[in-house]
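Residue-level listing of the chains:
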Amino acid sequence: MGERLEILGVGIDKVNSQQALEKIGAFIASGQPHQIVTANAEIIYQASKNEKMRHVINNAQMVTADGSGVVWASHQLGEPLKQRVTGIDLVNSICEQSAKDKWKIYILGSAPGVAAAAAVNIRNKFPGCNIVGTHHGYFNAKEEKQILAELEQLKPDVLFVALGAPKQEYWIAGHLAELGIPVGMGIGGSMDVLSGNVKRAPKWMQKMSLEWLYRLLIQPTRFKRVLALPKFMLAVKKQAKQK
Ligand code: UDP
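Thresholds, definitions, all that
Residues numbered from 1 in each chain as written. Predicted model: local features only at pLDDT ≥ 70, side-chain atom pairs only at ≥ 80, totals over all residues. Heavy atoms only, no water. Axes fitted to C-alpha atoms, helices over the stretch in contact; angles between N-to-C directions. Helix = DSSP H or I, 4+ residues; strand = E, 2+ residues; numbered from the N terminus. Parallel < 35°, antiparallel > 145°, perpendicular 65-115°, else oblique. Contact = heavy atoms within 4.5 Å. Nonpolar A, V, L, I, M, F, W, Y, C, P; charged D, E, K, R; others polar. Core = buried A, V, L, I, M, F, W, Y, C linked by side-chain atoms within 4.5 Å. Buried < 20%, exposed > 50% of the residue type's maximum accessible area, 1.4 Å probe, protein only. Patch = residues over 30% accessible without salt bridge, like charges linked within 9 Å, V, L, I, M, F, W, Y side chains within 5 Å. Areas by Shrake-Rupley, 256 points an atom, 1.4 Å probe, with all protein chains shown as cover. Salt bridge = Lys/Arg side-chain N within 4 Å of Asp/Glu carboxyl O. Lys, Arg positive; Asp, Glu negative; His and termini not counted. Charge placed at Lys NZ, Arg CZ, Asp CG, Glu CD. Near = heavy atom within 4 Å. Polar contact = N/O pair within 3.5 Å; in protein donor to acceptor, adjacent residues only side chain to side chain.

**Student:** Explain the packing of helix 2 (residues 41-48) against helix 3 (residues 51-59) to me, using residue names and the numbers behind them.
**Tutor:** Remark: helix 2 packs on helix 3, axes separated minimally by 7 Å, with the N-to-C direction vectors making an angle of 125°. It follows that helix 2 is oblique to helix 3 by the angle criterion. Seen from helix 2, the contacting residues are Ile 43, Gln 46, Ala 47 and Ser 48; seen from helix 3, they are Met 53, Arg 54 and Ile 57. Its residues assigned to classes, the contact of helix 2 with helix 3 comprises four nonpolar, two polar and one charged.

Below, the structure written as structure tokens:
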């Protein structure tokens, strides 16, 4: 499985974007189920307090450093990661590769219409990207059965799941093996961005690393989540001292 860096009890793979994509290619070629988690600071902090979540993430076949907070932590711990590998970057590179290798992709999650709109945008961006189906993420038990049946029939190579963390990670861990899908990956709010539903911050704010502030201003309910970052930083500092 390769070497992992442990941050607050969560193992992070030391892979860059290129290596992550190569691994994904190997996962698909193997035909065996593999779970991918893109772990940001908030997810790692949450997992450090939640044994079930930690267990699911640490059992995934690839866990990437989603965001500069995680790269910062790797420096604090004396094992610097070279770059972040975010969910949106991986979604883009998988879709680009799908246009070449015809990997079949299914997108599950987000509000009704969002995954379908994202699929249209993705196909425009990467002509030939092989998205075989989409379904929204607000399903009941009966609809879930229909989704599972559709997945068994379509046999995608890659399943993107946007139900928010850790719900999407639990869903993948619970269903991937029975479905026999080679790659299952939680993608959080990436579909909202790809569908154009959620706008990214203006360029000047991105440049000043103020994207978090922009998201906070347009979605004030994120306030509690933003607070996880200083808590994560304090906990990492404490782990670094204990080394
Ligand atoms: N979502 C969903 N079903 C649910 C809960 C959430 O489809 O039962 C979707 C929601 O519409 C959003 C995505 O999950 O598109 C990610 O939600 P959030 O922004 O909370 O997650 P994050 O990006 O922070 O992981």
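What follows picks up the thread again.
**Student:** Hey, could you go over the nonpolar core for me, with residue numbers and the actual values?
**Tutor:** Judged by nonpolar contacts, the single largest core of 32 residues is most densely connected at Ile 24, Ile 94, Ile 105, Ile 107, Ile 122, Phe 160 and Met 191. Mapped by element, the contributors of at least two residues to this core are helix 1 (17-30), helix 5 (87-101), strand 5 (105-109), helix 6 (114-125), strand 7 (158-162), strand 8 (183-186) and helix 9 (190-194). Beyond its immediate sequence surroundings of up to four residues, Ile 105 is in contact with Ile 94, Cys 95, Ser 98, Cys 129, Asn 130, Ile 131, Val 132, Gly 133, Pro 156, Val 158 and Phe 160. Among the nonpolar cores identified, the runner-up in size contains 24 residues, and Val 37, Ala 41, Leu 77 and Leu 81 belong to it.

**Student:** Could you give me a rundown of a positive patch on the surface, with the residues and numbers involved?
**Tutor:** Together, Lys 49, Lys 224, Lys 231 and Lys 238 line one region of the surface with positive charge. In this fold, Lys 224 is placed in helix 12 (residues 223-226).

**Student:** So what's going on with the site of the ligand? Which residues, and what values?
**Tutor:** In the vicinity of the ligand, 14 residues are found, and the nearest of them are Gly 137, Lys 167, Gly 189, Asp 192 and Arg 225. Measuring from an oxygen atom of the ligand, one finds a side-chain N or O atom of Tyr 138 at 3.0 Å. Contacts to the ligand include Asp 192, whose side-chain N or O atom sits 2.6 Å from an oxygen atom. Calculation on the ligand without its partners gives an accessible area of 540 Å², and the protein chains cover 76% of this total. When grouped by side-chain class, the residues that make up the shell around the ligand number five nonpolar, six polar and three charged.

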